[in-house]
Amino acid sequence: METTDTTGWWNCLGCGVEAELAGAEHVGCEVPCPDCGAAMTQWRQWETAA
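Residues numbered from 1 in each chain as written. Predicted model: local features only at pLDDT ≥ 70, side-chain atom pairs only at ≥ 80, totals over all residues. Heavy atoms only, no water.

Asker: Would you mind showing me how to read the environment of Gly 37 here?
Answerer: Within the secondary structure, Gly 37 is located in the loop between β3 (31–32) and β4 (39–49). Expressed as a C-alpha distance, the spacing of Gly 37 and Gly 14, which sit 23 residues apart in the sequence, is 8.4 Å. (Helix = DSSP H or I, 4+ residues; strand = E, 2+ residues; numbered from the N terminus.)

Right, here's the structure in full:
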């Protein structure tokens, strides 16, 4: 059986930090920036074979 993992690139609108977060549990959620605490937005998402 083949499964996939979802990974996405997130961008902070407050300070411009970028982060790669694995897992579909972040999709549709507000993710705080680790540097300034502002909300991050997802700008790319892809699935990889696990």
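Asker: What am I meant to see in the environment of Thr 7 here?
Answerer: You can see Thr 7 is positioned in strand β1 (residues 4–12). The exposure class of Thr 7 is buried, given its relative accessible area of 9%. The spacing of Thr 7 and Arg 44 is 37 residues in sequence and 8.4 Å in space, taken between C-alpha atoms. (Buried < 20%, exposed > 50% of the residue type's maximum accessible area, 1.4 Å probe, protein only.)

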